[in-house]
Amino acid sequence: MSKHVKILDKYDAEVVEEKYNKLIGRRELTIRILHLGEGTPSRGSLKIGIGKLYNKEPELVYIRKVESKFGLSETIIEAHIYDSIDRAKLFEPEHIVKRDEDSLKKVTTTQ
């Protein structure tokens, strides 16, 4: 039931779980990313990559959790993709909104 994807033309990934929450207006994802020979991808680059994958703006993507396994080049992430920014600000905790905005600024200023 999982699907294999490529994020940012750099990372092999597998969408382990995907469901759409109609009541909240968001897609809830669990993705396993393989990053052989590289460090854990940044939250900002993950927002951009997942946004491109689902044809959404990075501002609508919120990375809830990034968990790397020690000694492995594998990271499990949990992300939410909202239909609108208003819904996101209504349901996402303030610290996650701030953290994600800061991570996106870091990536866009370094490019």
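So, here is what we can say about the structure in this document. Here the structure is a predicted model, which is why all the values come from computation and not from measurement.

Take the overall build of the protein next. Regarding its fold elements, the protein presents three helices and five strands. For a compact globule of 111 residues, the expected C-alpha radius of gyration is about 13 Å, and the protein comes in at 13 Å, within 12% of that figure. Seen along its three principal axes, the alpha-carbon backbone of the protein occupies a region of about 40 × 35 × 25 Å. Counting over 111 residues, the protein shows a buried share of 41%. The contacts of the protein with a sequence gap of at least 6 include a subset with a gap of at least 24, amounting to 51%. With the model as given, the accessible surface of the protein reaches about 6,800 Å², and the carbon-plus-sulfur share is 51%. Mean positive and mean negative side-chain charge positions of the protein (21 and 19 charges, respectively) differ by 1 Å.

On to the environment of Ser84, then. Its place among the elements puts Ser84 in the loop between strand E5 (74-82) and helix H2 (85-91). The spacing of Ser84 and Thr40 is 44 residues in sequence and 28 Å in space, taken between C-alpha atoms.

A word on the nonpolar core. Membership of the largest hydrophobic core comes to 16 residues, with the highest contact counts inside it found for Ile7, Leu29, Ile31, Ile33, Ile50, Ile63 and Ile77. Counting only elements with at least two residues in this core, the list comes to strand E1 (3-7), strand E2 (11-21), strand E3 (26-34), helix H1 (43-53), strand E4 (61-68) and E5. Setting aside chain neighbours within four positions, we find Ile50 in contact with Ile7, Leu29, Ile31, Val61, Ile63, Ile77, Ala79 and Ile81. In this structure, Tyr62, Tyr82, Ala88 and Ile96 belong to the second largest nonpolar core, which totals six residues.

Turning next to the sheet that holds E1. Judged by pairing direction, the sheet is antiparallel, and its five strands sit side by side in the order E1-E2-E3-E5-E4 without closing on themselves. What marks the edges here is a single partner per strand, and that holds for E1 and E4. Adjacent strand axes in the sheet meet at a mean angle of 30 degrees when their direction is disregarded. Note that E1 and E2 share five bridges and pair antiparallel. Looking at E2, one finds that His4 is bridged to Glu14. Those strands touched by H1 are E1, E3, E4 and E5, and its axis lies near 120 degrees from that of E4.

Before going further, it helps to spend a moment on the environment of Phe91. Along the chain, Phe91 turns up in helix H2. Spatially, the C-alpha atoms of Phe91 and Arg26 are 9.9 Å apart, while their sequence positions differ by 65 residues. Once you skip the residues sitting within four places of it in the chain, Phe91 turns out to touch Ile24, Arg26 and Tyr82.

Time to look at the pattern of salt bridges. Following the criterion strictly, the structure yields 15 salt bridges and no others. Between Lys3 and Glu18 there is a salt bridge, and its shortest N-O distance comes to 3.9 Å. With Lys3 in strand E1 and Glu18 in strand E2, the pair connects residues that are 15 residues apart, well separated along the chain. Linking Arg32 and Glu74 is a salt bridge whose minimum nitrogen-to-oxygen distance equals 3.2 Å. Of this pair, Arg32 sits in strand E3 while Glu74 sits in strand E5; the two residues are 42 residues apart in sequence, bridging distant segments of the chain. Judged by its relative accessible area of 23%, Arg32 falls in the partly exposed class. Using a relative accessible area of 15% as the deciding quantity, one classes Glu74 as buried. Salt bridges linked by common partners bring Lys19, Arg26, Glu28, Arg64 and Glu92 together as one network.

What counts and what doesn't
Residues numbered from 1 in each chain as written. Predicted model: local features only at pLDDT ≥ 70, side-chain atom pairs only at ≥ 80, totals over all residues. Heavy atoms only, no water. Helix = DSSP H or I, 4+ residues; strand = E, 2+ residues; numbered from the N terminus. Rg over C-alpha atoms; globule rule 2.2 N^0.38 Å. Buried < 20%, exposed > 50% of the residue type's maximum accessible area, 1.4 Å probe, protein only. Contact = heavy atoms within 4.5 Å. Areas by Shrake-Rupley, 256 points an atom, 1.4 Å probe, with all protein chains shown as cover. Lys, Arg positive; Asp, Glu negative; His and termini not counted. Charge placed at Lys NZ, Arg CZ, Asp CG, Glu CD. Core = buried A, V, L, I, M, F, W, Y, C linked by side-chain atoms within 4.5 Å. Pairing = 2+ DSSP bridges. Axes fitted to C-alpha atoms, helices over the stretch in contact; angles between N-to-C directions. Salt bridge = Lys/Arg side-chain N within 4 Å of Asp/Glu carboxyl O.

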